[in-house]
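# Tertiary structure, described
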Amino acid sequence: MTKNIYIVRHAEAEGQDPQAKLTERGLKQAGILADFLSNVKVERIISSPYVRAIETMRPFAERNNLNIELDDRLTERVLSTQYFSDWMDKLEATFFDMDLKYKGGESSHEAQSRIVELFKEVLESDYTNTLIVAHGGIISLLLNYCDGEFGFENWKQLSNPDVFLITGLNDSYQYKRLWND
């Protein structure tokens, strides 16, 4: 049975802290996103435990009487615990060397393995239509797993919010972007 997995990047937030809330614009985006997804038959929502991810899905979940399951594997990837003035260059390097790891951070492979583990569990579940809400970095690593061509330049083009549909059957996956910002 083919699975439909909707991947949602959270709406505009006040910052990167796990407790950062959505901005006023982000709250409006969450409502627009709920309208956008209104015809999607989602059976299950799995979210990063970060506040901005939960707030993004709350309007949709409430309209559809769905619980939001929290999963730590969907937290944003930590590039490093130290400050980099050239962090974009450092991040770009991790797309070319998936094992590159900075102090206190995760390599791309490490972060990718946790979201792929969840992804495979969803594929093996009894649910046909699942929605996952997370963050740009971790989402880009999942899309890279589905299509090795998805890289740094694609990550830069992600919007807040953003929506992708991954269809999967066994070990074959295809994705397409649904959101037009």
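My aim in this report is to walk through the structure given alongside it, one point at a time. (Residues numbered from 1 in each chain as written. Predicted model: local features only at pLDDT ≥ 70, side-chain atom pairs only at ≥ 80, totals over all residues. Heavy atoms only, no water.)

Looking only at helices and strands, one finds six helices and six strands in the protein. Starting at the N terminus and walking to the C terminus, you meet the elements of the protein as β-α-β-α-β-α-α-β-α-α-β-β. Compactness check: the protein gives a C-alpha radius of gyration of 16 Å against a globular reference of 16 Å for 181 residues, within 12% of the reference. Overall, the protein is about 40 × 40 × 25 Å in size when its C-alpha atoms are taken along their principal axes. The buried share of the protein, taken over its 181 residues, is 53%. When contacts within the protein are restricted to residue pairs at least 6 apart in sequence, long-range pairs at least 24 apart make up 66% of them. Of the roughly 9,300 Å² of accessible surface on the protein, a fraction of 45% belongs to carbon and sulfur atoms. (Helix = DSSP H or I, 4+ residues; strand = E, 2+ residues; numbered from the N terminus. Rg over C-alpha atoms; globule rule 2.2 N^0.38 Å. Buried < 20%, exposed > 50% of the residue type's maximum accessible area, 1.4 Å probe, protein only. Contact = heavy atoms within 4.5 Å. Areas by Shrake-Rupley, 256 points an atom, 1.4 Å probe, with all protein chains shown as cover.)

Positionally, Ala 134 belongs in strand β4 (residues 129-134). We classify Ala 134 as buried; its relative accessible area is 0%. In this structure the C-alpha to C-alpha distance between Ala 134 and Leu 37, which are 97 residues apart in sequence, comes to 16 Å.

This part is about helix α5 (residues 136-146). By the criterion of burial, α5 is predominantly enclosed, with 10 of the 11 residues buried. Taken together, the buried positions of α5 are occupied by Gly 136, Gly 137, Ile 138, Ile 139, Ser 140, Leu 141, Leu 142, Leu 143, Asn 144 and Cys 146.

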